[in-house]
Amino acid sequence: MNDDVRNIVLGVIAAGVSAALGWVSRTYLSRRRLRRRQVFFGMPDHSESLLVVNHKAGGSELSVMRYDVFALLELSALIKECNAHVRVVAHDAAQQGFGERTEFCVGGPYSNRRMAAHLSSLLPGVRMNVEADTGPELGALRIGTEDYRMERGRSEYVLLARLTVDGQADSRPVFLFCGQRAITNQAATRYLARHHERLHRKHGTGSFVLLLKVVNSQAYGPDVVELVADVTRTALRPLPETAADAG
């Protein structure tokens, strides 16, 4: 074998080794990202998750707002990326506990009975006004002693929460998307899809409750979202007695 042939053979071998190492590296990183995503969402391969669907406020039990449908599609894509399965359940038919499977619950307590139950039992420091039909108190959020009222189409709020059962290592999380309007629910699901890696780095697999503000939705839809505050500690503590009575 002369020098030219030997150099060609060595070049081919080097290229093959380099390609193999590149493939192994990409595969490892891809699987690592997948495992981290599965851990954060509590959805290992072929596991089942629960998608709790609300209904249109003031509408029939079977009608769902357009933006809530978009939110469900965003979540379905996340579930598929985790190689998991989803079971869609109506809000008033999900008569089961939490922690056995990952749950995604969409909609405020005015349109989702299960969300109302979650707020009462899991987030005692949060109230949403479901009694006002019009005016600034419609859908107003109270977190601790602070009130957050919406300006329809201009400034609207939504809670994004990941909650787990304390003391149970194998407990699957519950994700809540509790907004003042349907478009804010979609904004929260989109925020989770875009930032779940950063949220995992910051919060690990523990509980968190974030207050988000959707800015000028009448112009920008669900795309412009600001993080107002991490309200985890306040949301997990019961409201002061006077505030609870007023709510």
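Quick note: structure is the one above.
Residues numbered from 1 in each chain as written. Predicted model: local features only at pLDDT ≥ 70, side-chain atom pairs only at ≥ 80, totals over all residues. Heavy atoms only, no water.

## Quick word on the sheet that holds strand E10 (residues 225-230)
Strand order in this open sheet of seven strands is E2-E1-E3-E8-E7-E9-E10, and the pairing throughout is mixed. Two strands bound the open sheet, and with one partner strand each, they are strand E2 (85-90) and E10. Taken pair by pair, the neighbouring strands of this sheet meet at an average axis angle of 20°, ignoring direction. Two strands pair when backbone bridges link them, and strand E7 (residues 155-163) and strand E8 (residues 174-179) are joined in this way by six bridges, in the antiparallel orientation. The residue of E8 that forms the bridge with Val 158 is Gly 179. Each of strand E1 (48-53), E2, strand E3 (103-106) and E8 touches helix H2 (residues 66-81); the most contacted strand, E3, lies at about 165° to it. (Pairing = 2+ DSSP bridges. Helix = DSSP H or I, 4+ residues; strand = E, 2+ residues; numbered from the N terminus. Axes fitted to C-alpha atoms, helices over the stretch in contact; angles between N-to-C directions. Contact = heavy atoms within 4.5 Å.)

## Some remarks on the pairing of strand E9 (residues 208-215)
Taken across its eight residues, E9 has six buried, putting it largely inside the fold. When E7 meets E9, the two strands line up antiparallel, connected through eight bridges. Bridging across to E9, Ala 161 finds its partner in Val 209. With five bridges connecting them, E9 and E10 associate as antiparallel partners. Bridge pairing in E10 links Leu 211 to Ala 229. (Buried < 20%, exposed > 50% of the residue type's maximum accessible area, 1.4 Å probe, protein only.)

## A word on the packing of H2 against helix H4 (residues 182-203)
Any two packed helices are characterised by the angle at which their axes cross and by the distance between the axes. In contact at an axis separation of 7 Å, H2 and H4 are set at 20° when each is read in the N-to-C sense. Between H2 and H4, the interaxial angle falls into the category roughly parallel. Considering the relative orientation of H2 and H4, their crossing is left-handed. Facing H2, whose interface residues are Tyr 67, Asp 68, Phe 70, Ala 71, Glu 74, Leu 75 and Leu 78, H4 presents Ala 182, Ile 183, Asn 185, Gln 186, Thr 189, Arg 190, Leu 192, Ala 193 and His 196. Residue composition of the contact of H2 with H4, by class: nine nonpolar, four polar and three charged. (Parallel < 35°, antiparallel > 145°, perpendicular 65-115°, else oblique. Left-handed = near helix turned anticlockwise from the far one by under 90°. Nonpolar A, V, L, I, M, F, W, Y, C, P; charged D, E, K, R; others polar.)

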